[in-house]
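# Structural features, examined
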Amino acid sequence: MEKSKWKLLDKINKPYDLKSLPIEDLNKLSKEIRSFLIDKVSKTGGHLASNLGVVELTIAMHSVLDTAKDRVIWDVGHQSYVHKILTGRKDKFETLRKYEGLSGFPKTKESIHDAFNTGHSSTSISAALGLAKARDLKKEDHSVLAVIGDGALTGGMAFEALNDAGRSPNNLIVILNDNEMSIDRNVGGMSSYLSKIRTEPFYYKVKEDIEIILEKLPPSIRGSATKAIGAFKGGLKYLILAGVLFEELGFKYLGPIDGHDILQLKDVINRAKSVKGPVFIHILTQKGKGYYPAELRPHMFHGVSPFEIDSGESISNGGETYSDVFGKELVSIASENIGVAAITAAMPSGTGLSKFSQKYPERFFDVGIAEQHAVTFAAGLSMGGLTPVFAVYSSFLQRAYDQVSHDVAVQGLHVVFAIDRAGVVGEDGETHQGIYDISFMRHIPNMTIIAPADYTEFRDMMHFAINDFKGPVAIRYPRGNGSQMLYDRIPVEYGKGVLVTEGNDVTIISEGPMVEVALKVCRLLKKYGISAELINSRFIKPLDEDMIIKSATKTRRVITLEDNSVIGGLGSGVAECFAKEDIINIKLKMLGLPDKFVEHGSRNQIFEKYGLTVEKITLETLQFCGVTIEGNENFLEMVI
Ligand SMILES: Cc1ncc(C[n+]2csc(CCOP(=O)(O)OP(=O)(O)O)c2C)c(N)n1
């Protein structure tokens, strides 16, 4: 058997094993954990840089807490790998983010050490306050901590929670992990404020010194001295600034602390545990620490696919993605249309907007992790005469449902929602699936929703949505790659679908990337003597009802195929159309994602599980058309 490289780590099977380790060993352990993380994540892919930055913090927390009882909420949760390693899950690390393997985020179902599921940003302080209130009402006795990054602190929910928690009497510890980075460089006034504190780190020291002096004074004069110095400290904090904002909100501010010094971290967490009421610990860390390529380019190692350890280079060259096509085309459109503005909520590289940000910095807006603000801000830009394009991942747009409806759609404003990562996302799993956007956008009055089947259609749709159309419009497109062109180019026309293939036995109505799948299904069906009519809906709202009804009344059998939840999706739209037009005697089958939170795994595995592969859809369609096949399990071999 190969000898393990991680001698100390091998002995850590539960957090308790840390308690007896001297500081030298804890420091050695942090090195081993970094090497373990780099080794494993280079194979599985995942969130590397953020985890490298919290190694000492996580070791310190587990040295002074008992997370089987004490509750720690990791904001976003992408930085919880070290926590997973130290809480008995290191042997399963090869399965990280894989189908039926460890999740890349905290999951209460996975371990008693995971206190609350996370995935979307800025929820930790709210959840922690809830847990602290519940603890106190039930007269229980344990600590509650929220660990939040400076990026996540830009989200509105974090401010709402600080505002509420600060005036609460409940013991609660918020640890701000400040590495000056969101995925890309952090932005905004709060970020500048934190930078100022970074450069003036002596306030904590001064406060500490005063407290030590007070403790040493004889009891007879301690009271009046404390009062006098309290007034002085009040002035001092304004003078020196550090943490005054958090103190004014009602927190006791401790910091800034070197987030890579385990002894200091243990000390400050222990101190915070003894404070009554809410405490705010501000620690300074380096994202990507200990792995040179990640230190150099932390944004590239925020979320990575498998990579070569020596060079840091990605192993797979994924080719051009939908986000790449979007980014390039937007730059091109903006060169002619000077009213186009691009908005991101802290994801310039992920959404493909980096080039736009360099070329048109005055028309580019990174608003922080603030999807709600981004949408209403876009509404303002639109009202002011610009054409805003908000590029956002499908699952994060969920945050801004009310703003889409109340601020954009009610006023019929021309805002373009570029919904990236729509459909099944894969390894990030249930919190990140983009399988609900059709459902939560479709019923909003005034909203138009389109989805391209290939890159050519995507570019044409972007021109349509930005230059030709006026009103709220969403273009949804998937993660990863697509095809350049599936069929001859047909201009995009409002409300018009495309009849891709003609047939008589069954109508397949599909959207976005599922059109390519459906095309393959149609070819297979032909081998079984079934002639299928394929409609690319293009417009999910409004549907091309004329085309759909004409085809359905011919074939009398309709299958809808989408990479959205079947509830409220394209299929629902088709069913509503039949109901509205009083079309009867049509068999309708809806294929898509089920009514559940879809787990993590590769996209192919998820499609396989939920019956959305070419083979499974073909089989389903054959049965739907009354064609029975002997020995279904050998179907794949039979058709190839
Ligand atoms: C609502 C929402 N929007 C966007 C994201 C994508 N996202 C994941 S982590 C991250 C940056 C977090 O930065 P920070 O909190 O500072 O943590 P760090 O990775 O720097 O440790 C972003 C934007 C998300 N998870 N949730």
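The text that follows walks through the structure, step by step, so that each part is easy to find. In this text the structure is predicted, and so the values were computed from the model without any measurement.

## Structural notes on the overall build of the chain
When you go through the chain residue by residue, the secondary structure sums to 26 helices and 17 strands. For the chain, the C-alpha radius of gyration of 28 Å lies close to 26 Å, the compact-globule estimate for 640 residues. Taking the principal axes of the C-alpha coordinates as reference, the chain spans close to 95 × 65 × 50 Å. Within the chain, the proportion of its 640 residues that are buried is 59%. A separation of at least 24 residues holds for 76% of the contacts in the chain among residues at least 6 apart in sequence.

## A few points about the sheet that holds strand β1 (residues 71-74)
Spatial strand order, β1-β2-β3-β5-β4: five strands in an open sheet with parallel pairing. Strand pairing shows two members of the sheet lacking a second neighbour, β1 and β4 (252-258), which therefore form its edges. Averaged over all pairs of adjacent strands, the angle between strand axes in this sheet comes to 20°, irrespective of strand direction. One ladder, built from seven bridges, connects strand β3 (residues 172-178) with strand β5 (residues 278-284); its direction is parallel. Within the sheet, the bridge partner assigned to isoleucine 173 lies in β5 and is valine 279.

## Describing the sheet that holds strand β17 (residues 587-593)
Across the sheet, five strands lie side by side as β12-β14-β13-β16-β17; this open sheet has mixed pairing. Both edges of this open sheet fall to β12 (498-501) and β17, since each of them pairs with a single strand only. In this sheet, neighbouring strand axes are inclined to one another by 25° on average, regardless of whether the strands run parallel or antiparallel. Judged from the three bridges that link them, β12 and strand β14 (residues 532-536) form a sheet pairing that is antiparallel. Bridge pairing in β14 places valine 498 opposite asparagine 536.

## A word on the packing of helix α16 (residues 371-383) against helix α18 (residues 401-409)
The N-to-C vectors of α16 and α18 enclose an angle of 10°; their axes lie 9 Å apart at closest approach. Regarding the angle of α16 to α18, the classification is roughly parallel. Judged by residue contacts, Gln372, Val375, Thr376 and Ala379 of α16 engage Gln403, Val404, Asp407 and Val408 from α18.

## A short note on the site of the ligand
Neighbouring the ligand are 23 residues; Ser50, His78, Gly151, Met181 and Glu371 lie closest to it. Here serine 121 contributes a backbone N or O atom positioned 2.9 Å from a nitrogen atom of the ligand. With respect to the ligand, the side chain of glutamate 371 contributes an N or O atom lying 2.7 Å from a nitrogen atom. Considering the ligand on its own, with 590 Å² of exposed area, one finds that the protein chains cover 97% of that surface. The residue makeup of the shell around the ligand, split by class, is eight nonpolar, eleven polar and four charged.

## Some words on the pattern of salt bridges
A complete count under the given rule lists 31 salt bridges for this structure. Close ionic contact of arginine 479 with glutamate 427 constitutes a salt bridge, the shortest N to O distance being 3.1 Å. Here arginine 479 is found in the loop between β11 (473-476) and β12, whereas its partner glutamate 427 is found in the loop between β9 (416-420) and α19 (437-442), with 52 residues between them in sequence. For lysine 596, the salt bridge is made with glutamate 599, and the minimal N-O distance between the two is 3.6 Å.

## Observations concerning the environment of arginine 399
Examined against the element boundaries, arginine 399 turns out to sit in the loop between α17 (394-397) and α18. For the pair arginine 399 and alanine 370, spaced 29 residues apart in sequence, the C-alpha separation works out to 8.8 Å. Beyond its immediate chain neighbours, meaning those up to four positions away, arginine 399 contacts His120, Ser121, Thr123, Met157, Glu371 and Gln372.

## Brief notes about the side chain of arginine 34
Mapped onto the elements of the fold, arginine 34 is located in helix α2 (residues 23-44). Under the relative-accessibility criterion, arginine 34 is labelled buried at 9%. A polar atom in the side chain of arginine 34 sits 2.9 Å from the side chain of glutamate 56. Sequence-distant contacts of arginine 34, that is, excluding residues within four places in its chain, are made with Leu52, Val55, Glu56, His260, Lys289 and Gly290.

## Observations concerning the environment of asparagine 170
Checked against the element boundaries, asparagine 170 lands in the loop between α7 (156-165) and β3. The sequence separation of asparagine 170 and threonine 118 amounts to 52 residues, and the corresponding C-alpha distance is 22 Å. Once residues within four sequence positions are removed from consideration, asparagine 170 is found in contact with Ala132, Lys133, Arg135, Asp136, Gly277 and Pro278. At 2.7 Å, the side chain of asparagine 170 forms a polar contact with the side chain of aspartate 136.

## Regarding the pairing of β5
Burial runs high along β5: seven of the seven residues are buried. A two-sided burial pattern is seen for β5, the buried positions comprising Pro278, Phe280, His282 and Leu284 on one face and Val279, Ile281 and Ile283 on the other. Summarising the sheet, β4 and β5 pair through five bridges and their orientation is parallel. If you follow leucine 254 over to β5, its bridge partner there is isoleucine 281.

Rules behind the numbers
Sequence positions are assigned chain by chain, starting from 1 and proceeding in written order. Owing to the predicted nature of the model, reporting of local features is limited to residues with pLDDT of at least 70; listing and counting of side-chain atom pairs is limited to 80 or more, with chain, interface and lining totals taken over all residues. Hydrogens and water molecules were not included; the side-chain quantities draw on all heavy atoms of the structure. A run of H or I in DSSP counts as a helix once it spans at least four residues, and a run of E counts as a strand once it spans at least two, with each numbered from the N terminus. C-alpha atoms define the radius of gyration, and 2.2 Å times the number of residues to the power 0.38 defines the globule rule. Relative accessible area decides the class of each residue, using a 1.4 Å probe on protein chains only: under 20% of the type maximum gives buried, over 50% gives exposed, and in between gives partly exposed. Contacts: residue pairs with any heavy atoms within 4.5 Å of one another. Criterion used throughout: strands pair if DSSP finds at least two bridges between them. Orientation is described by lines fitted to C-alpha atoms, with helices fitted over the stretch in contact, and by angles between N-to-C directions that extend from 0 to 180 degrees. Here is the rule for angles: anything less than 35 degrees is roughly parallel, anything more than 145 is roughly antiparallel, 65 through 115 is roughly perpendicular, and the remaining ranges are oblique. Residues are counted as near a molecule or strand when any one of their heavy atoms sits within 4 Å of it. The definition of a polar contact used here is a pair of N or O atoms within 3.5 Å, where within protein one atom must be able to donate a hydrogen and the other to accept one, and adjacent residues in sequence count solely through side-chain atom pairs. Only the protein chains shown count as cover for residues, with accessible areas throughout obtained via the Shrake-Rupley method and a probe of 1.4 Å. Under the scheme applied here, ten amino acids are nonpolar (Ala, Val, Leu, Ile, Met, Phe, Trp, Tyr, Cys and Pro), four are charged (Asp, Glu, Lys and Arg), and all others, including Gly, are polar. Every case where a carboxyl oxygen of Asp or Glu lies within 4 Å of a side-chain nitrogen of Lys or Arg is listed as a salt bridge.

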